[in-house]
Amino acid sequence: QVQLVESGGGSVQTGGSLRLSCVASGDTVSRKYMAWFRHAPGKERDAVAVISTRSGVTWDRTSVKGRFIISQDNAKNTVYLQMNSLKPEDTAMYYCAATPSSVINVYMSAAYPYWGQGTQVTVSS
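### Some words on the packing of aromatic side chains
Taken as a whole and judged by the stated rule, the model has 4 aromatic pairs. Through pairs of rings, three or more aromatic residues link up here, namely Phe37, Tyr95, Tyr112 and Trp115. When the ring centre of Trp115 is taken as origin, the NZ or CZ atom of Arg45, which lies over that ring, is 4.4 Å away.

Okay, structure coming up:
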């Protein structure tokens, strides 16, 4: 069974930076893709960035391009989300997710059976 634990959230001002960490344990085969999602009040839960743990190839959403970077350290079973130039609209609960499957749309939350507990990110203006 896969367990995911996020950390690194907090409160920052507009333009600030945070780095989120997701430490994974359990079956590595079940972590073919790792993703960061976020869920803000009144908004849908949306993917932010995805990484293939096998190839290192990454995908990110237009809304965070140039600001957020997903990366991994396989030796530590950890995935990171470096968040720069933060905006108030980035305020959300951020979740780490994992899937063993090859998916057509890596941003689809239903493709991810394993989720962490979330870490809150708050950006004030």
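Past the structure itself, the notes keep going.
### Describing the state of the cysteines
Considering all chains together, one arrives at 1 disulfide under this definition. A sulfur-sulfur separation of 2.1 Å characterises the disulfide bridge that pairs Cys22 with Cys96. The disulfide joining Cys22 to Cys96 has a torsion of about -80° about its S-S bond and is therefore left-handed. With a gap of 74 residues between them, Cys22 in strand 3 (residues 18-25) and Cys96 in strand 9 (residues 92-99) connect regions that are remote in the sequence. For the pair Cys22 and Cys96, one class covers both residues: buried.

### Description of the sheet that holds strand 7 (residues 68-73)
Strand order in the open sheet made by the 4 strands is 1-3-8-7, with antiparallel pairing throughout. Edge strands, defined here as strands with exactly one partner in the open sheet, are strand 1 (3-7) and strand 7. Going across the sheet, the axis of each strand differs from the next one's by a mean of 15°, ignoring polarity. Taken together, the 5 bridges between strand 1 and strand 3 define a ladder with antiparallel strand orientation. Residue pairing for strand 3: Gln3 is matched across the bridge by Ser25.

What counts, and where the lines are drawn
- For every chain, the first residue of its written sequence is number 1, and the numbers climb from 1 along that sequence.
- Where totals are concerned, whole chains, interfaces and linings use all residues; where local detail is concerned, this predicted model gives features only for residues with pLDDT of at least 70, and gives and counts side-chain atom pairs only at 80 or more.
- Only heavy atoms go into the side-chain values, all of them from the structure, while hydrogens and water stay out.
- Stacked, edge-to-face and tilted labels apply to pairs of Phe, Tyr and Trp rings (six-membered ring for Trp) whose centres lie within 6.5 Å, assigned for plane angles under 30 degrees, over 60, and everything in between, in that order.
- In our convention, an over-ring charge means Lys NZ or Arg CZ found within 6 Å of a ring centre and within 35 degrees of that ring's normal.
- Working definition: a disulfide is two cysteine sulfur atoms within 2.5 Å of each other.
- For helices the rule is a DSSP run of H or I covering at least 4 residues; for strands it is a run of E covering at least 2, with both sets numbered from the N terminus onward.
- Each residue is assigned to one of three classes by its accessible area relative to the maximum for its type, calculated with a 1.4 Å probe on protein chains only: buried under 20%, partly exposed between the two thresholds, exposed over 50%.
- DSSP bridges decide pairing: two strands pair if at least two such bridges lie between them.
- Helix axes use the C-alpha atoms of the stretch in contact, all axes being lines fitted to C-alpha atoms, and the angles between their N-to-C directions lie in the range 0 to 180 degrees.

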